[in-house]
Amino acid sequence: MYKRKLKALDYYQHENFTLNDDLQFRNLLVWLENKKIRHYKIEDRTKFNDVTSSEWPETLTKYLKDLGCHVTNSDTPTILDWLLGLAVRLDYEDNADAYKDLTSENLAALKIDKPKIKSDNPLDNLDFEHPDFKAGIASLAQLLQIPRHSDHLITLQAVSKLVKARLSAESLKSSGSSVSTQDVSNTILAGIK
């Protein structure tokens, strides 16, 4: 639940963090204060840094009050979410110049090329925006007497629903038809050509 924020903050255990472990929770809050939030002066953090102290819950209550957080100590998920949100905001403010030039175009250029997976399935290689594909959907819709939609993919969904409904085992039994799937496929293919 918190992994993206923890990763964005470069938390060293973002992969292994669990909210159920009280010591991990306390250590994370100490890390957030020491590295990202920095609300207290370094010398004022000693009580907060002592996560094994029996007084730590009271120290946390005071810390949250000092930050202006109105969440109760018993609601650890909400406390963590609030503190992570604050830390992300403060981290952004600290590094605003580094983030100001990041646009979707710049990020796309920075992305590492992912390895391409080769598939034997010819449907994986279809270009759904190619004019021939759009023309094929239009001819299927005309053949099946389905009204065309301005978005060819919605028309394709309608074709798919109709074919599934008419060629289901129940539909063929109830109609008493002896039409095979191969016959319908051949008819559709003949209409496309």
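Small disclaimer: the values here were computed from a predicted structure and weren't measured.

**As for the overall build of the protein chain**
Then, number 1: Counting its secondary structure elements, the protein chain contains 11 helices and 0 strands.
Then, number 2: In sequence order, the protein chain lays out its α and β elements as α-α-α-α-α-α-α-α-α-α-α.
Then, number 3: Relative to its full complement of 193 residues, the protein chain shows a buried share of 26%.
Then, number 4: Summed over its atoms, the accessible surface of the protein chain is roughly 14,200 Å², and 53% of this surface lies on carbon and sulfur atoms.

**Details of helix α2 (residues 22-37)**
Then, number 1: Turning to α2, its buried residues are Phe 25, Arg 26, Leu 28, Leu 29, Val 30, Trp 31, Leu 32, Glu 33, Lys 36 and Ile 37.
Then, number 2: Taken together, the buried residues of α2 touch α1 (3-8), α3 (46-49), α4 (56-67) and α5 (76-94).
Then, number 3: The N-cap of α2, judged by a side-chain oxygen 3.1 Å from the amide nitrogen of Leu 23 a few residues on, is Asp 21.
Then, number 4: Following α2 by one or two positions, Arg 38 has its phi on the positive side, about 50°.

**Comments concerning the environment of Leu 83**
Then, number 1: Inspection of the secondary structure puts Leu 83 in helix α5.
Then, number 2: What makes Leu 83 buried here is its relative accessible area of 1%.
Then, number 3: Between the C-alpha atoms of Leu 83 and Glu 33, which are 50 residues apart in sequence, the distance is 9.1 Å.
Then, number 4: Those residues in contact with Leu 83 that lie beyond four places of it in its chain are Leu 29, Leu 32, Ile 37, Tyr 63, Leu 64 and Leu 67.

**Some thoughts on the packing of aromatic side chains**
Then, number 1: Scanning the model with the defined rule gives 6 aromatic pairs in all.
Then, number 2: Ring centres 4.8 Å apart and planes at 55° place the aromatic pair Tyr 11 and Tyr 12 in the tilted group.
Then, number 3: Joined through ring pairs, the aromatic side chains of Tyr 40, Phe 48, Trp 56 and Tyr 63 make up one cluster.

Scoring rules and cut-offs
- Per-chain numbering applies: the sequence of each chain, read as written, is numbered from 1 onward.
- The predicted origin of the model limits local features to residues at a pLDDT of at least 70 and limits the giving and counting of side-chain atom pairs to 80 or more, whereas totals for whole chains, interfaces and linings rest on all residues.
- As a rule here, side-chain values cover all heavy atoms of the structure and leave hydrogens and water aside.
- Runs of E in the DSSP output that reach at least two residues are strands. Runs of H or I that reach at least four are helices, and both are numbered from the N terminus.
- Each residue gets one of three labels from its accessible area relative to the maximum for its type: buried under 20%, exposed over 50%, partly exposed in between, using a 1.4 Å probe on protein chains only.
- Residue exposure ignores everything except the shown protein chains as possible cover, and the areas themselves are Shrake-Rupley values with a 1.4 Å probe.
- Pairs of residues are marked as contacts when any of their non-hydrogen atoms sit within 4.5 Å.
- Under the rule applied, a polar contact is a pair of N or O atoms within 3.5 Å (in protein, one hydrogen donor and one hydrogen acceptor; residues adjacent in sequence only if both atoms are side-chain atoms).
- Centres within 6.5 Å are what make two rings of Phe, Tyr or Trp a pair, Trp counting through its six-membered ring; a difference in plane orientation under 30 degrees is then read as stacked, over 60 as edge-to-face, and the rest as tilted.

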